Amino acid sequence: MASAITTLAADAPTLSAANTGFMLICSALVMLMTPGLAFFYGGMVRVKSSLNMLMMSFISLGIVTILWVLYGFSLAFGTDSGSLIGWNSDYVGLSGIGITELWDGYTIPVYVFAVFQLMFAVITPALISGALADRVKFGAWILFTALWVTVVYFPVAHWVWGAGGWLFELGVIDFAGGTAVHINAGAAALGVILVIGKRVGFKKDPMRPHSLPLVMLGAGLLWFGWFGFNAGSWLGNDDGVGAVMFVNTQVATAAAMLAWLGYEKLRHGSFTTLGAASGAVAGLVAITPAGGAVSPLGAIAVGVIAGLLCAMAVGLKYKFGYDDSLDVIGVHLVGGVVGSLLVGLFATGGVQSDVAGLFYGGGLEQLGKQAIGVFAVLAYSLVASALLAFLLDKTIGMRVSEDDEVAGIDQVEHAETAYDFSGAGGGAASRSTAAPAPSAASKKVDA
């Protein structure tokens, strides 16, 4: 009996400084994704809405961090209750956790796991904001974010990743957030825009990005941070799975970008910077659930399929009339669905687990499980998010007035503008050398 106890103790995980350090770096990388998303979205809107778009992402770092510490971590990763939600009083306020207490079965402290998962919770509601550009009151957005993570994100994270969660126990594979993050956010975006309606001038006025360099900067920061998002989700470096995920993240993203650009060239005749950035994000989204289950060749297939389908999907808003301002549904919802379902086809059975997809002799069983996970999260998030938006709209109001929207939400909601040119070319010297006033004849020509 004593020897058995000694053996068990010897086999118990011990704190790994290497894995702990790696996971802290990954957490910082995922945190950087939220400012990256702010730049990505901020550059895609018109000048008069760019600050608001930045703030709708950035504020999530404040709201969700506090709620996660107070009760979010406990709801998402506490002891399971009914396969639907968790709870652990030691996690409330993170007050009952020892500084060297390990996350169960791993070699990293609970604190490290908690802060890593916090960054996922932060970016998910920020993703929703891209669908709502130009028209949502900032105070209403703050309240929606707080309610949404409580009612939707924390429970769904438990379903997918929490021990005892019903999708976790079913065997749904979601390596880093295809269902819990991207389908969740994309479905929520659809639910909210169906309630609050379209922007003034949708399908009539030009609503082009005001700064494509900002979009490319944001996409680059997202791509960089996504290595922490994906590779870090294995919670360590001991067996090479995280390294495969890192490689697959790069490969799928590259493939999706090329596929999107190819589609764009054939369909519209040009290779655009916006297409390159959107294609890269589509690849990142699709490989997020699948990258720990597929080979690099499978990652190419995932990226190509996602790049093509997401490029096609972004135009559906004009056909069906829903105003998804910055293509959250076309990229995150569609990309998340594609990546999650392709696990059931391309899983090799030789990376994160022995589960094989259809193309590797595994039959249709895993594809069926993936479909259950996809549509359960989609349906719950869509309905719950629409209800939250409806309640807020009928109480405090979700939208700014039409006049405020036309004037510009930055000035109305934040009393600021993104770019101040008042000091450019001002001064006495420039006035003394100014061109003379045009003559009446020249005015007629100009007219």
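What counts as what
As a convention, each chain's residues are numbered from 1 in the sequence order in which they are written. Only residues with pLDDT of at least 70 are given local features in this predicted model, and only at 80 or more are side-chain atom pairs given and counted; all residues enter the totals for whole chains, interfaces and linings. With hydrogens and water stripped out, all remaining heavy atoms of the structure feed into the side-chain values. Patch criteria: residues need more than 30% relative accessible area and no salt bridge. Like-charged residues are merged within 9 Å; nonpolar side chains of Val, Leu, Ile, Met, Phe, Trp and Tyr are merged within 5 Å. The accessible surface values rely on the Shrake-Rupley method and a 1.4 Å probe; as for residues, cover is taken only from the protein chains in view. Salt bridges are defined by distance alone: a side-chain nitrogen of Lys or Arg within 4 Å of a carboxyl oxygen of Asp or Glu. Secondary structure follows DSSP: runs of H or I at least 4 residues long count as helices, runs of E at least 2 residues long count as strands, and numbering of each begins at the N terminus. Only protein chains enter the accessibility calculation, which uses a 1.4 Å probe; a residue is then buried when its area is under 20% of its type maximum, exposed when over 50%, and partly exposed in between. Aromatic pairs are defined between Phe, Tyr and Trp rings, using the six-membered ring for Trp, whenever the two ring centres lie within 6.5 Å; interplanar angles under 30 degrees are classed as stacked, those over 60 as edge-to-face, and all others as tilted. Side-chain atoms alone can form a polar contact between residues adjacent in sequence; in general such a contact is a pair of N or O atoms within 3.5 Å, and within protein one must be able to donate a hydrogen while the other accepts it.

**Topic: a nonpolar patch on the surface**
- On the surface, L297, I300, V304, L308, L309 and M312 cluster together to form a nonpolar patch covering roughly 500 Å² of accessible area.
- Within the secondary structure layout, I300 lies in helix α11 (residues 296–313).
- For I300, a relative accessible area of 38% translates into the label partly exposed.

**Observations regarding the packing of aromatic side chains**
- Tallied over the full model, the rule gives 25 aromatic pairs.
- Where F40 meets Y41, the ring centres are 6.0 Å apart and the plane angle is 40°; that geometry is what we call tilted.
- Relative accessible area serves as the criterion here: at 4%, F40 is assigned to the buried category.
- In this structure Y41 comes out as buried when scored by relative accessible area, which is 1%.
- Plain terms: the ring middles of F346 and F359 are 5.2 Å apart, the flat faces sit at 75° to each other, and that makes the pair edge-to-face. Pair noted here: F346 is in helix α13 (residues 328–346) and F359 is in the loop between α13 and α14 (365–395), with a separation of 13 residues, a long-range link.
- Accessibility expressed as a relative area gives 13% for F346, which makes it buried.
- Among the aromatic residues, ring-to-ring pairing joins W68, Y71, F73, F77, Y91, W103, F113, Y153 and F154 into one connected group.

**Structural notes on the side chain of K317**
- Structurally, the position occupied by K317 is in helix α12 (residues 316–320).
- Residue classification places K317 among the buried residues on the basis of a relative accessible area of 5%.
- Looking at K317, its side chain comes within polar contact range of the main-chain oxygen of D324, at 2.9 Å.
- A polar side-chain atom of K317 sits 3.5 Å from the main-chain carbonyl oxygen of S325.

**Some points on unusual backbone geometry**
- Its identity as a non-glycine residue notwithstanding, D134 has a phi of 85°, on the positive side.
- Position of D134 among the secondary structure elements: in the loop between α4 (110–129) and α5 (138–161).
- On the accessibility criterion, D134 (3% relative accessible area) is buried.
- The phi dihedral of K203 is positive, around 70°, even though this residue is not glycine.
- Within the fold, K203 resides in the loop between α7 (178–196) and α8 (212–231).

It is worth stressing that arrangement in space is one thing and function is another; only the former is reported here.
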